[in-house]
Amino acid sequence: MHLVVVLAVVSLPLVIGATLIAVLARRPDPAPSDAAAAARRHAGAVNVLALICLFASMAVGLGVLTGSSADGRQGIYLGLVPAAAGLAFAAVQGLGELTWPRPSGTIRRAPLTRRTTSDVAPGRLRRATWCWSALTAVTLVACGAASDDGRGITRTFTDGSAGAGPFPGWFYGVPLLLATTAVLLASETVLGLVARRPAVMDAAPEWDLGLRRTSSRRLLRGVQLVLGWTAAGVLFIAGAAVHSVGVGGSANGIATGAAGYAAVGIASMVLGVVAWLGSTAAVFLPARPVVADGAAALSPHGLLA
Amino acid sequence: MSMQIEIDLASGVPPYEQIRSQVVAHASAGRLRAGDRLPTIRALAVDLGVAAGTVARAYRELETSGVVVTRRRTGTVVADGAPATDVGLGRAAAEFVAAARARGLTDEAVVDLVRGTLLTPLGDGRSG
């Protein structure tokens, strides 16, 4: 458990630092109109506010919980910290979409094409959010089935048994499953808001679509990060417990049938580290440019595109 | 180039009529083809910053005139019998508009010119 918290505490400043560098280094292209500039400013400000909420929630959550007494529920609360931060992040992004600048002036323009969530959401990041969620769900269900008391795992052998915990059985699994589902639903809801928000006046439809994709990418980067960290934590803790019952607890020094437990434990821990690295690296994936009808790439992106 | 609807709220023409006529114009020019899906009423209303009823009325008129059909699953789509201009005439219209714009005419002036030409009796237009 402590190793997972240490990983989170170490990665948080790294992600915040890299994010700050990305924000400060980026110089957006000139906007095609005042309305477009205002829309981009709005999107940028909302994103910065959402990022502050995300990182502050994580830092405060981890700080408070690691300093508190280790009772039975501390593990649940620690596991819920990324999801809670993700919900705060998505809520701010959603508020930003609801307060999107309305069309003004007497001349109004709108594209005569239908927009769906798939049009505005970058496929790779959206798939990553679903992938981390599925990985968390499958792991939690498997762990729930493998655990007897919902909090630990036990291996019995001829002359005794070995147990280890914490293990993400149903005691930890149910709240984590609910939290993961809530983050995923919040993310999809905000993507719907991005697709339905008013078009930017005095900007080409391609530019408007580009700004929508920027907003979606910013949202999905944060959401997949918290879902990836949740998956990583679950996999690592489950792996550590399974490995522990595999290598220990043998009465006569011969761990009969324990090699499988140890291998599964190590594989789960490795997968956890991969999920942690993958979700952290995905935050900095470069954006694919929006190309209109085979023409030059359009770049409406501002802060942290 | 994407299709756009542009409405002028200060114009004497009601917004629903501007939407209706521009959808017909896109269909006539061949940019909208049979089966193409139009935005939902709510989405287009939000984009344009007008009431949903305005777009709903435009769509209703388009449906009445057979330009679009509304289906439960696919929403509003361009109908099979939507007005489609002859390809040669469409090209001629595009060349005419390009030439008029190149000479500095505004879009309103181009429309006035066409209206004026249409007022000319048939026999007069065939000379030369």
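Residues numbered from 1 in each chain as written. Chains lettered and ligands numbered in written order. Predicted model: local features only at pLDDT ≥ 70, side-chain atom pairs only at ≥ 80, totals over all residues. Heavy atoms only, no water.

Named according to an unreviewed UniProt entry, chain B is GntR family transcriptional regulator originating from Pengzhenrongella frigida.

**Points about the overall build of chain B**
Looking only at helices and strands, chain B has 5 helices and 3 strands in total. For chain B, the residues scored as buried account for 28% of the 128 residues in total. Pairs at least 24 apart in sequence give 42% of the contacts found in chain B among residues at least 6 apart. Counting every atom, chain B has about 8200 Å² of accessible surface; 55% of that belongs to carbon and sulfur. (Helix = DSSP H or I, 4+ residues; strand = E, 2+ residues; numbered from the N terminus. Buried < 20%, exposed > 50% of the residue type's maximum accessible area, 1.4 Å probe, protein only. Contact = heavy atoms within 4.5 Å. Areas by Shrake-Rupley, 256 points an atom, 1.4 Å probe, with all protein chains shown as cover.)

**A look at the pairing of strand β2 (residues 68-71) of chain B**
Residue and element names in this part refer to chain B. Here β2 runs beside strand β3 (residues 75-78); their pairing, made up of 4 bridges, is antiparallel. Across the sheet, residue R71 finds its bridge partner in β3, namely G75. Connecting β2 to the next strand, β3, in antiparallel fashion are 3 residues. (Pairing = 2+ DSSP bridges.)

**Here's the deal with the interface of chain B and chain A**
Facing 27 residues of chain B, the contacting portion of chain A comprises 22 residues. Together chain B and chain A conceal approximately 2100 Å² of surface at their shared face, both sides included; 51% is due to carbon and sulfur atoms. Linking chain B with chain A are 3 salt bridges. The salt bridge involving D47 of chain B is made with R115 of chain A; its shortest N-O contact spans 3.1 Å. One can count 11 residue pairs in polar contact (both at pLDDT 80 or more) joining chain B with chain A. In terms of residue class, the side of chain B that touches chain A is made up of 14 nonpolar, 8 polar and 5 charged. (Buried area = accessible area lost by both parts, 1.4 Å probe. Salt bridge = Lys/Arg side-chain N within 4 Å of Asp/Glu carboxyl O. Polar contact = N/O pair within 3.5 Å; in protein donor to acceptor, adjacent residues only side chain to side chain. Nonpolar A, V, L, I, M, F, W, Y, C, P; charged D, E, K, R; others polar.)

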